[in-house]
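Single-letter residue listing:
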Amino acid sequence: MVTKSSVIGIDLGSGESYVGYVGKGIVDICQNEVSKRANSTLVGFTERERLLGDAALAQIKSNAKNTCRNFKHLLGQQLDSPYVQAEDFWSTAKIVQADDGHAGYQVNYKGEQRVFSAVQITAMYFTKLKEVTEKWTQGKVADAVIGVPAFFSDVHRQAVLDAAKIAGISVLRLMNEHTATALGYGIYRSNEFDTEKPCTVAFCQIGLTIFSVSVVEFVKGRLTVKAERSDKVGGRDMDECLMRVFAAQFKKKVGADPLSNKKASFKLEDAVTKTKKILSANAEAGISCECLMEDEDFGSNITRDLFLDMCKPMMAKVQKVLDDAKEAAGIPVENYDFIEVCGGASRVPWVKEMCSACFGGKELSTTMNADESVARGCALQAAILSPLYKVRDFEVRDGLNVPISIGWMGSAADAEAEKGEDDGEQMGGGEGEYKSAIVFPVGSPHNTLKLLTFYRKGPFEIKAEYADTTQLIEGTKKELGTFKIDLPVQTEAKKVKVKAKLNLHAMFTIESAQLVEEEEYEETVKEKRELEVPAEEAPAEPKEGEAAEGEEKPEGEGEKKEEKKEKKEEKK
């Protein structure tokens, strides 16, 4: 029977996922039913059951059309988005529009055709990770921190939270992947850092699909993310270069294109992955694939020089990310103390060379586990946020990558109203004039609250949107939402205080709105007075029924009236 509780960190990868957990004084990675630390990010469906993780991988070649992969990149995406259309090449199952209006998968499950949204598929996979964790740690999962790419907007982050909720996982925080890596790097070296002079580290992470460069400053007990830039370029783009070359060779020889068939395409992808790994350490590598298509075998060779020529479009993207991150940080190259590389594709020689050259030829550090760094960092953050564990004090300062603005229609009430000093940020504007202002600029720390003051006579709306979408996924909508403040119609302009929040998940929300009123009323204050008792003999008591003449009422408690003004707040 499960009795103890555990907190975990989840690195949801495109190809493989990792779960870090906190033990007694350690952070480690959970192993699954086949004793692997990496869990294949796959969900498959058959006539009888649902297959998750490595069980789906075992049957993918014979069940390709009913196996969902890369669902991380479909979360919160529209079907017509260029981002989703690029995933069509890699997906073995058909990508269609799901009931929630976003992209999903069409599969055959238990004899009938079904459509599952990316959120549902991700939730199914989260249940697998939860099961693996509880079996390995012999404890119930209490809380989790999930790593997400920094370019995920509110809609993508909400999709991850929805999937976790369906899976029954309590999420303490959605953490940017580069910040999780920095936390795993810094917390163990905290005593080595100076209390004032920062240690500057550049983290170059390249995984299966994403290349990210972040610049982080460390002082004792704190990390501060100075800048981060990323792009959708990774190890599988190298695979695609090899796949297209070998597919062209096979088509010339046999007359059939393996890329036109999902099953043959996956077989070729599996084979070129091994070829790519050999090329990392050798000048030449071969490929061998049995029964690739139409019962025809395929074999060929490729040199590293030819492979590098094919990767030149990738190199341009990688160079741009490196340059943009360096420029955004604004730190001279000679001030960088370490250049840390991690991620599954960081072992590729040309990637290492480019990272080193960008930072003045500095020697690269590989002190972290290339594959597990995000999961370990997320597990540490979960332990810091959870009341179940006591962790050394280490502050994480991460900021917003994309500025958020709000828009509103101005009102004549703005000019009429009397402004106070405690009004926070005042949102004025002329009657019928549309105004906007940036409330959370780039670098705004997560978990920040801002007070916005409006003067209105009736209900009004606030529109929130991203002020700049260049750092977001192509096709991401600017709009974050429209919030209606339902204020009863007033004869005079009333002060309304609106609380806008950038929460710990780096998501925008309007937390509350308050109507502030001034009321005048009379308050009766009782004033105490001292009574003087004379020392003479007390007069004789009057007879019963007789009233004492000239008897005066003793000075008692008088009454004093004063007027007060008091502010009263009503929540609307």
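Now for a description of the structure that goes with this document. (Residues numbered from 1 in each chain as written. Predicted model: local features only at pLDDT ≥ 70, side-chain atom pairs only at ≥ 80, totals over all residues. Heavy atoms only, no water.)

## Remarks on the layout of surface pockets
The computed volume of the largest pocket comes to approximately 1,400 Å³. Forming the boundary of the largest pocket are 50 residues, of which Gly15, Glu16, Gly207, Leu208 and Gly344 lie nearest the centre. Residue contributions to the lining of the largest pocket peak at seven residues, all from helix α7 (residues 262–279). Of the residues in the lining of the largest pocket, the class split is 16 nonpolar, 18 polar and 16 charged. Computed from the structure, the second largest pocket encloses a volume of approximately 790 Å³. (1 Å grid on protein atoms, 1.4 Å probe; cavity = no way out; pocket = protein on both sides within 12 Å on 5 of 7 lines; lining within 4 Å. Points joined across faces, edges and corners; volume = space filled by probe spheres on them. Helix = DSSP H or I, 4+ residues; strand = E, 2+ residues; numbered from the N terminus. Nonpolar A, V, L, I, M, F, W, Y, C, P; charged D, E, K, R; others polar.)

## Comments concerning unusual backbone geometry
You will see that glutamate 294, though not glycine, has its phi angle at about 55°, which is positive. Summarising the element assignment, glutamate 294 is placed in the loop between β16 (284–293) and β17 (296–303). Notably, asparagine 447 is not glycine yet its phi reads approximately 65°, a positive angle.

## Observations regarding the pairing of strand β10 (residues 112–117)
Across six bridges, strand β9 (residues 103–109) lies against β10 in antiparallel orientation. Each residue of the ladder has a partner; that of glycine 104, found in β10, is serine 117. Adjacent in sequence and paired antiparallel, β9 and β10 are bridged by two residues, among which lysine 110 carries a positive phi angle near 55°. (Pairing = 2+ DSSP bridges.)

## Let's talk about the packing of aromatic side chains
Summed over the entire model, instances satisfying the criterion amount to 17 aromatic pairs. Centre to centre, the rings of phenylalanine 250 and phenylalanine 298 are 5.8 Å apart; their planes meet at 85°, and the pair counts as edge-to-face. With phenylalanine 250 in helix α6 (residues 235–254) and phenylalanine 298 in strand β17, this pair connects stretches of sequence that are 48 residues apart. On the basis of relative accessibility, which here comes to 0%, the residue phenylalanine 250 falls in the buried class. Ring geometry for phenylalanine 440 and phenylalanine 508: centres 6.1 Å apart, planes at 70°, overall edge-to-face. Residue phenylalanine 440 is located in strand β23 (residues 434–440), and its partner phenylalanine 508 is located in strand β28 (residues 508–527); the two are separated by 68 residues in the primary sequence. Like phenylalanine 440, the residue phenylalanine 508 is buried in the burial classification. Following the ring pairs from residue to residue traces out a cluster consisting of Tyr185, Phe193, Phe203 and Phe218. Against the face of tyrosine 83 rests lysine 232, its NZ or CZ located 3.8 Å from the ring centre. Positioned over the ring face of phenylalanine 460 is arginine 456, at 5.2 Å from the centre of the ring. (Phe/Tyr/Trp six-rings, centres within 6.5 Å; stacked < 30°, edge-to-face > 60°. Buried < 20%, exposed > 50% of the residue type's maximum accessible area, 1.4 Å probe, protein only. Lys NZ or Arg CZ within 6 Å of the ring centre and 35° of its normal.)

As far as function goes, none of this settles anything; it's purely spatial.
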